[in-house]
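Below, each chain spelled out in residue letters.
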Amino acid sequence: MLNIGCHLSASKGFLNMGKTAIELGGNTFQFFTRNPRGGSAKDIDPEDAKALISLMQENSFAKILAHAPYTLNACAKVPSIREFAYNTMLDDLKRMEYVPGNMYNFHPGSHVGQGVETGIELISDLLNSILSESQTTTVLLETMAGKGSEVGSRFEELREIIDRVELKDKMGVCLDTCHVNDAGYDIVNDLDGVLTEFDNVIGLDRLKALHLNDSKNPLGAHKDRHEKIGEGYIGTDAFERIVNHPVLKDLPMFLETPNELPGYAEEIKLLKSLCK
Ligand code: FE
Ligand code: FE
Ligand code: ZN
(Lines give C-alpha, C1' and ligand atoms only; values in the text may rest on other atoms or scores of the structure.)
(Ligands and ions follow the chains in the order given, each with its own letter.)
Protein backbone atom coordinates (compact mmCIF):
# COMPACT_ATOMS: atom_id res chain seq x y z
CA MET A 1 0.00 0.00 0.00
CA LEU A 2 1.21 3.45 -0.94
CA ASN A 3 1.96 5.79 1.96
CA ILE A 4 0.85 9.04 0.47
CA GLY A 5 -0.29 12.48 1.48
CA CYS A 6 0.07 16.11 0.53
CA HIS A 7 1.00 19.43 2.01
CA LEU A 8 -1.86 20.79 4.17
CA SER A 9 -2.59 24.03 5.96
CA ALA A 10 -1.99 23.78 9.70
CA SER A 11 -4.34 26.65 10.52
CA LYS A 12 -7.12 24.40 11.88
CA GLY A 13 -4.85 22.17 13.92
CA PHE A 14 -3.54 18.62 13.93
CA LEU A 15 -6.79 16.63 14.03
CA ASN A 16 -8.20 18.64 11.15
CA MET A 17 -5.15 17.84 9.02
CA GLY A 18 -5.44 14.13 9.83
CA LYS A 19 -9.12 14.10 8.83
CA THR A 20 -8.39 16.02 5.63
CA ALA A 21 -5.61 13.59 4.72
CA ILE A 22 -8.10 10.69 4.99
CA GLU A 23 -10.75 12.55 2.96
CA LEU A 24 -8.16 13.04 0.20
CA GLY A 25 -7.44 9.31 0.13
CA GLY A 26 -4.11 9.55 1.92
CA ASN A 27 -2.60 8.18 5.13
CA THR A 28 -0.10 10.93 5.96
CA PHE A 29 0.46 14.65 5.40
CA GLN A 30 3.01 17.43 5.52
CA PHE A 31 2.51 20.82 7.17
CA PHE A 32 4.43 24.00 7.97
CA THR A 33 5.37 24.33 11.62
CA ARG A 34 4.60 28.05 11.32
CA ASN A 35 4.09 30.65 8.60
CA PRO A 36 6.41 29.56 5.75
CA ARG A 37 8.00 33.00 5.89
CA GLY A 38 8.81 32.51 9.56
CA GLY A 39 7.47 34.29 12.61
CA SER A 40 6.08 32.87 15.80
CA ALA A 41 4.08 29.66 15.90
CA LYS A 42 0.61 29.12 17.35
CA ASP A 43 0.49 27.36 20.71
CA ILE A 44 -0.10 23.63 20.39
CA ASP A 45 -3.24 22.25 22.03
CA PRO A 46 -2.09 18.98 23.66
CA GLU A 47 -5.61 17.50 23.31
CA ASP A 48 -5.57 18.23 19.57
CA ALA A 49 -2.19 16.49 19.26
CA LYS A 50 -3.49 13.45 21.20
CA ALA A 51 -6.58 13.29 18.99
CA LEU A 52 -4.35 13.18 15.90
CA ILE A 53 -2.22 10.41 17.40
CA SER A 54 -5.35 8.29 17.97
CA LEU A 55 -6.65 9.00 14.47
CA MET A 56 -3.27 8.02 13.01
CA GLN A 57 -3.26 4.74 14.92
CA GLU A 58 -6.84 3.88 13.93
CA ASN A 59 -6.18 4.59 10.26
CA SER A 60 -2.71 3.03 9.80
CA PHE A 61 -1.00 6.34 9.10
CA ALA A 62 2.59 6.53 7.99
CA LYS A 63 4.84 9.05 9.75
CA ILE A 64 3.87 12.68 9.18
CA LEU A 65 6.32 15.35 8.08
CA ALA A 66 6.68 18.84 9.49
CA HIS A 67 8.37 21.38 7.18
CA ALA A 68 10.47 24.24 8.55
CA PRO A 69 9.79 27.75 7.20
CA TYR A 70 11.61 28.66 3.97
CA THR A 71 13.22 31.63 5.67
CA LEU A 72 15.21 29.32 7.93
CA ASN A 73 18.80 29.59 6.72
CA ALA A 74 21.23 27.71 8.93
CA CYS A 75 24.22 28.94 6.89
CA ALA A 76 23.32 32.61 6.47
CA LYS A 77 26.14 35.12 6.57
CA VAL A 78 24.31 37.49 8.91
CA PRO A 79 24.49 36.16 12.50
CA SER A 80 20.96 37.32 13.38
CA ILE A 81 19.55 35.18 10.54
CA ARG A 82 21.45 32.16 11.85
CA GLU A 83 20.11 32.94 15.31
CA PHE A 84 16.57 32.93 13.89
CA ALA A 85 17.31 29.50 12.38
CA TYR A 86 18.56 28.24 15.73
CA ASN A 87 15.60 29.55 17.71
CA THR A 88 13.06 28.35 15.16
CA MET A 89 14.41 24.82 14.82
CA LEU A 90 14.87 24.43 18.57
CA ASP A 91 11.27 25.53 19.19
CA ASP A 92 9.91 23.40 16.32
CA LEU A 93 11.59 20.26 17.63
CA LYS A 94 10.28 20.95 21.12
CA ARG A 95 6.79 21.27 19.68
CA MET A 96 7.17 18.09 17.60
CA GLU A 97 7.38 16.11 20.84
CA TYR A 98 3.59 16.60 21.16
CA VAL A 99 3.40 14.16 18.23
CA PRO A 100 6.40 11.97 19.03
CA GLY A 101 8.24 9.76 16.58
CA ASN A 102 7.58 11.71 13.41
CA MET A 103 9.82 13.72 11.04
CA TYR A 104 10.96 17.32 10.51
CA ASN A 105 12.26 18.48 7.12
CA PHE A 106 14.33 21.57 6.39
CA HIS A 107 16.19 23.15 3.47
CA PRO A 108 19.87 22.96 4.41
CA GLY A 109 20.35 26.61 3.47
CA SER A 110 22.02 29.07 1.11
CA HIS A 111 25.65 29.94 1.73
CA VAL A 112 25.22 33.38 0.12
CA GLY A 113 28.73 33.60 -1.28
CA GLN A 114 30.58 32.14 1.71
CA GLY A 115 31.24 28.92 -0.22
CA VAL A 116 29.78 25.42 0.09
CA GLU A 117 32.33 24.28 2.68
CA THR A 118 31.51 27.14 5.05
CA GLY A 119 27.83 26.47 4.45
CA ILE A 120 28.22 22.82 5.36
CA GLU A 121 30.13 23.71 8.54
CA LEU A 122 27.52 26.23 9.66
CA ILE A 123 24.64 23.81 8.99
CA SER A 124 26.25 20.95 10.89
CA ASP A 125 27.25 23.30 13.75
CA LEU A 126 23.63 24.40 14.06
CA LEU A 127 22.41 20.78 14.11
CA ASN A 128 24.99 19.86 16.73
CA SER A 129 23.80 22.71 18.95
CA ILE A 130 20.14 21.66 18.63
CA LEU A 131 19.82 17.87 18.34
CA SER A 132 19.41 16.01 21.60
CA GLU A 133 19.67 12.36 22.59
CA SER A 134 16.13 12.46 23.99
CA GLN A 135 14.33 13.81 20.93
CA THR A 136 12.06 11.33 19.10
CA THR A 137 11.85 13.31 15.84
CA THR A 138 14.03 12.46 12.86
CA VAL A 139 15.41 15.58 11.18
CA LEU A 140 15.53 15.40 7.38
CA LEU A 141 17.78 17.35 5.04
CA GLU A 142 15.90 18.04 1.80
CA THR A 143 17.64 17.48 -1.53
CA MET A 144 17.74 20.89 -3.24
CA ALA A 145 17.55 22.08 -6.86
CA GLY A 146 20.74 24.14 -6.61
CA LYS A 147 19.25 27.55 -7.35
CA GLY A 148 21.34 30.49 -6.24
CA SER A 149 23.80 29.38 -3.56
CA GLU A 150 21.68 26.53 -2.16
CA VAL A 151 23.58 23.85 -0.30
CA GLY A 152 22.36 20.26 -0.75
CA SER A 153 21.86 19.89 -4.49
CA ARG A 154 24.65 17.28 -4.57
CA PHE A 155 24.34 14.09 -2.54
CA GLU A 156 27.98 14.63 -1.46
CA GLU A 157 27.02 17.86 0.33
CA LEU A 158 24.25 16.16 2.31
CA ARG A 159 26.66 13.35 3.17
CA GLU A 160 29.21 15.86 4.45
CA ILE A 161 26.62 17.55 6.67
CA ILE A 162 25.58 14.20 8.17
CA ASP A 163 29.24 13.21 8.60
CA ARG A 164 29.77 16.23 10.84
CA VAL A 165 26.65 15.70 12.94
CA GLU A 166 27.29 13.93 16.22
CA LEU A 167 23.81 12.42 16.72
CA LYS A 168 23.64 10.78 13.29
CA ASP A 169 20.79 8.47 14.26
CA LYS A 170 18.54 11.58 14.45
CA MET A 171 19.27 12.46 10.80
CA GLY A 172 17.75 11.44 7.49
CA VAL A 173 17.14 12.74 3.97
CA CYS A 174 13.96 13.70 2.11
CA LEU A 175 14.32 13.31 -1.66
CA ASP A 176 12.31 15.87 -3.65
CA THR A 177 11.73 14.58 -7.19
CA CYS A 178 11.48 18.08 -8.73
CA HIS A 179 14.60 19.23 -6.91
CA VAL A 180 16.78 16.24 -7.89
CA ASN A 181 15.62 16.56 -11.51
CA ASP A 182 16.50 20.24 -11.49
CA ALA A 183 19.81 19.44 -9.78
CA GLY A 184 20.75 17.14 -12.67
CA TYR A 185 19.96 13.63 -11.36
CA ASP A 186 18.20 11.78 -14.17
CA ILE A 187 15.39 10.00 -12.31
CA VAL A 188 13.40 9.85 -15.58
CA ASN A 189 15.82 7.72 -17.62
CA ASP A 190 18.01 6.24 -14.90
CA LEU A 191 16.15 5.94 -11.58
CA ASP A 192 18.21 2.89 -10.61
CA GLY A 193 21.44 4.73 -11.34
CA VAL A 194 20.40 7.72 -9.22
CA LEU A 195 19.38 5.49 -6.32
CA THR A 196 22.65 3.57 -6.58
CA GLU A 197 24.52 6.86 -6.43
CA PHE A 198 22.43 7.91 -3.41
CA ASP A 199 23.29 4.61 -1.76
CA ASN A 200 27.01 4.93 -2.50
CA VAL A 201 27.25 8.54 -1.31
CA ILE A 202 24.71 8.83 1.53
CA GLY A 203 23.33 5.33 2.10
CA LEU A 204 19.72 4.35 1.36
CA ASP A 205 19.11 3.71 5.06
CA ARG A 206 19.10 7.53 5.45
CA LEU A 207 16.32 8.00 2.90
CA LYS A 208 13.19 8.54 5.01
CA ALA A 209 10.69 10.37 2.79
CA LEU A 210 9.94 11.61 -0.72
CA HIS A 211 8.47 14.85 -1.99
CA LEU A 212 6.57 13.94 -5.16
CA ASN A 213 6.53 16.88 -7.55
CA ASP A 214 6.77 17.10 -11.29
CA SER A 215 9.04 19.88 -12.61
CA LYS A 216 8.33 22.82 -14.89
CA ASN A 217 11.97 22.65 -15.98
CA PRO A 218 14.26 20.12 -17.67
CA LEU A 219 17.02 18.04 -16.11
CA GLY A 220 19.74 20.18 -14.55
CA ALA A 221 17.87 23.51 -14.85
CA HIS A 222 18.60 24.49 -11.19
CA LYS A 223 15.22 26.24 -11.04
CA ASP A 224 12.83 24.60 -8.49
CA ARG A 225 9.38 25.20 -9.99
CA HIS A 226 6.97 22.42 -9.06
CA GLU A 227 4.43 21.12 -11.58
CA LYS A 228 1.39 18.85 -11.28
CA ILE A 229 2.14 15.11 -11.53
CA GLY A 230 2.37 14.11 -15.19
CA GLU A 231 2.32 17.66 -16.53
CA GLY A 232 6.03 18.43 -16.32
CA TYR A 233 9.40 17.15 -17.46
CA ILE A 234 9.34 14.13 -15.13
CA GLY A 235 6.07 12.67 -16.40
CA THR A 236 3.64 9.95 -15.34
CA ASP A 237 5.77 7.00 -16.49
CA ALA A 238 8.64 8.07 -14.25
CA PHE A 239 6.25 8.44 -11.30
CA GLU A 240 4.94 4.95 -12.01
CA ARG A 241 8.49 3.63 -11.69
CA ILE A 242 9.04 5.68 -8.53
CA VAL A 243 5.93 4.50 -6.63
CA ASN A 244 6.67 0.88 -7.53
CA HIS A 245 10.43 0.89 -6.95
CA PRO A 246 11.38 -1.65 -4.28
CA VAL A 247 13.54 0.81 -2.30
CA LEU A 248 11.00 3.65 -2.50
CA LYS A 249 7.55 2.11 -2.45
CA ASP A 250 7.20 1.85 1.34
CA LEU A 251 8.48 5.35 2.13
CA PRO A 252 6.02 8.12 3.03
CA MET A 253 5.47 10.32 -0.05
CA PHE A 254 4.24 13.91 0.05
CA LEU A 255 2.80 15.96 -2.80
CA GLU A 256 3.79 19.63 -2.98
CA THR A 257 2.31 20.23 -6.41
CA PRO A 258 0.44 23.43 -7.37
CA ASN A 259 -3.03 22.21 -6.33
CA GLU A 260 -6.02 22.93 -4.15
CA LEU A 261 -7.47 20.01 -2.16
CA PRO A 262 -9.55 18.50 -5.03
CA GLY A 263 -6.43 18.48 -7.23
CA TYR A 264 -4.50 16.68 -4.51
CA ALA A 265 -7.28 14.07 -4.21
CA GLU A 266 -7.01 13.47 -7.97
CA GLU A 267 -3.24 13.08 -7.82
CA ILE A 268 -3.43 10.68 -4.88
CA LYS A 269 -5.94 8.62 -6.87
CA LEU A 270 -3.69 8.72 -9.93
CA LEU A 271 -0.59 7.63 -8.00
CA LYS A 272 -2.50 4.80 -6.33
CA SER A 273 -3.72 3.63 -9.74
CA LEU A 274 -0.09 3.41 -10.89
CA CYS A 275 0.78 0.96 -8.09
CA LYS A 276 1.22 -2.63 -9.22
FE1 FE B 1 10.92 21.98 0.87
FE1 FE C 1 10.14 19.75 -1.40
ZN1 ZN D 1 10.75 23.04 -4.21
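What counts, and at which threshold
- Residues numbered from 1 in each chain as written.
- Chains lettered and ligands numbered in written order.
- Predicted model: local features only at pLDDT ≥ 70, side-chain atom pairs only at ≥ 80, totals over all residues.
- Heavy atoms only, no water.
- Helix = DSSP H or I, 4+ residues; strand = E, 2+ residues; numbered from the N terminus.
- Buried < 20%, exposed > 50% of the residue type's maximum accessible area, 1.4 Å probe, protein only.
- Contact = heavy atoms within 4.5 Å.
- Donors = N, O, S within 2.8 Å, 3.2 Å for Na, K, Ca; no water.
- Core = buried A, V, L, I, M, F, W, Y, C linked by side-chain atoms within 4.5 Å.

Trainee: Tell me about the environment of Pro-246, and name the residues and values.
Mentor: Examined against the element boundaries, Pro-246 turns out to sit in the loop between α8 (235-244) and β12 (253-255). According to the relative accessible area criterion, Pro-246 is exposed, its value standing at 63%. With 30 residues separating them in the primary sequence, Pro-246 and Lys-276 have C-alpha atoms 11 Å apart.

Trainee: How would you summarise the environment of Ala-62 if you had to cite specific residues and measurements?
Mentor: Secondary-structure assignment places Ala-62 in the loop between α2 (46-58) and β3 (65-67). Sequence-wise, Ala-62 and Met-103 are 41 residues apart; in three dimensions their C-alpha atoms are separated by 11 Å. Not counting residues within four places of it along the chain, the set of residues in contact with Ala-62 comprises Asn-3, Asn-27, Thr-28, Met-56 and Pro-252.

Trainee: Please set out the coordination of the zinc ion (ligand 3) residue by residue, giving values where relevant.
Mentor: Protein coordination of the zinc ion (ligand 3) is provided by His-179 (NE2), Asp-224 (OD) and His-226 (NE2), with donor distances spanning 2.0 to 2.3 Å. Here the donor residues of the zinc ion (ligand 3) are spaced in sequence according to H-x44-D-x1-H. Taken as an interatomic distance, the gap from the zinc ion (ligand 3) to the iron ion (ligand 1) is 5.2 Å. Taken together, the positions of His-179 in helix α6 (residues 177-183) and Asp-224 in the loop between β10 (214-215) and β11 (226-227) put the pair 45 residues apart, joining distant regions of the chain. Overall, the relative accessible area of 2% leaves His-179 in the buried class. The exposure class assigned to Asp-224 is buried, which follows from its relative accessible area of 17%.

Trainee: Just give me the short version of the nonpolar core, but keep the residues and values in it.
Mentor: Leu-127, Leu-212 and Leu-271 are the most contacted members of the largest nonpolar core, which has 76 residues in total. Among the elements that take part in this core, helix α4 (residues 116-130) stands out by supplying 6 residues, more than any other. With residues near it in sequence (within four places) discarded, Leu-212 still touches Ile-4, Thr-177, Ile-229, Phe-239, Ile-242, Val-243, Met-253, Phe-254, Leu-255, Glu-256, Thr-257 and Leu-271. Among the nonpolar cores identified, the runner-up in size contains 6 residues, and Leu-65, Met-103, Cys-174 and Phe-254 belong to it.

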